[in-house]
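# Examining the three-dimensional arrangement
Letter by letter, the chains look like this.
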Amino acid sequence: MKISEIIEFWKSSNINLNRGAKLNDINNLEDYLNFEFPETFRQFYSNINGFEDFVYNENMFSIFSLERIKEEYTFSDNKNFIPFCDYLINSHQIGFYRNTKAVYTNYENILGDLNDKVADNFELSMIEILTNSAKIY
């Protein structure tokens, strides 16, 4: 499944989505985080800037807007983790660790420093979320 198909799935669902972000907004967030997002992330967010705040899919996952990514990062004690999604109203988050393009779960808030790899890249992580894979729990 390509990122364009994932975007079309979210657009055709009954989830309230934010309009795509401007590339300048993505660049500004990268500068703030001192982190370069993969091209598929940039493509996704230029078409859909996440779900509207606190809107979840049927499996209780919420894809953050750029603004929420910045907010979650800013108020987190872990500056090595950059979340873009949460499960069950922040039971755990899904995102990037610095120096890798792989995507991980982060249970730091509830279980200490426990992290599991979800996928090797952003596109595959979106498929895992879409298909409700066991890897994201």
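In case you missed it, the structure is sitting above this.
Analysis parameters
Per chain, the residues get numbers from 1 upward, laid out in the order the sequence is written. Local features are withheld for residues below a pLDDT of 70 in this predicted model, meaning they are given only at 70 or higher, and side-chain atom pairs are given and counted only at 80 or more; totals for whole chains, interfaces and linings count all residues. Where side-chain values are given, they derive from all heavy atoms of the structure, hydrogens and water being excluded. By nonpolar core is meant a set of buried Ala, Val, Leu, Ile, Met, Phe, Trp, Tyr and Cys residues that side-chain atoms within 4.5 Å join together. For the exposure calls, accessible area comes from a 1.4 Å probe over protein chains only, and a residue counts as buried if that area is under 20% of its type's maximum, exposed if over 50%, partly exposed in between. Under the DSSP-based scheme used, a helix requires at least four consecutive residues in state H or I and a strand at least two consecutive residues in state E, with every element numbered from the N terminus. We define a salt bridge as a contact between a side-chain nitrogen of Lys or Arg and a carboxyl oxygen of Asp or Glu at a distance within 4 Å. Each Phe, Tyr or Trp ring, with Trp reduced to its six-membered ring, pairs with another whose centre is within 6.5 Å; inter-plane angles below 30 degrees give stacked pairs, above 60 give edge-to-face pairs, and intermediate values give tilted ones.

A word on the nonpolar core. In terms of nonpolar packing, the biggest core is built from 38 residues, with W10, F44, Y45, I69, F84 and I129 touching the most fellow members. For this core, the leading source of residues is helix α6 (residues 122-130), giving five residues.

Our focus in this paragraph is the pattern of salt bridges. Counting across every chain of the model gives six salt bridges. In this structure, D120 and K117 form a salt bridge, with 2.5 Å as the shortest nitrogen-oxygen distance. Through salt bridges that share partners, E30, E39 and R42 make up one connected network.

It is worth spelling out unusual backbone geometry at this point. With a phi close to 75 degrees, M60 is a non-glycine residue in the positive phi region. For M60, the location among the structural elements is in the loop between β2 (48-51) and β3 (61-63). The backbone of N90 sits at a positive phi, close to 70 degrees, despite the residue not being glycine. According to the relative accessible area criterion, N90 is partly exposed, its value standing at 24%.

Looking now at the packing of aromatic side chains. Between two aromatic rings, the relevant description is the distance of the centres plus the angle of the planes. Within the structure shown, the criterion is met by 19 aromatic pairs. Judged by centre distance (6.3 Å) and plane angle (80 degrees), the ring pair of Y32 and Y73 falls under edge-to-face. Placement of Y32 in helix α2 (residues 23-33) and of Y73 in helix α4 (residues 66-74) is noted, with a sequence separation of 41 residues between them. The exposure class of Y32 is partly exposed, given its relative accessible area of 39%. With centroids separated by 5.1 Å and ring planes inclined at 65 degrees, the aromatic side chains of F84 and F122 adopt a geometry described as edge-to-face. Of this pair, F84 sits in strand β4 (residues 81-87) while F122 is found in helix α6, placing the two residues 38 residues apart along the sequence. The rings of F35, F37, F41, F44, Y45, F84, F96 and F122 are connected pair by pair, giving a single aromatic cluster.

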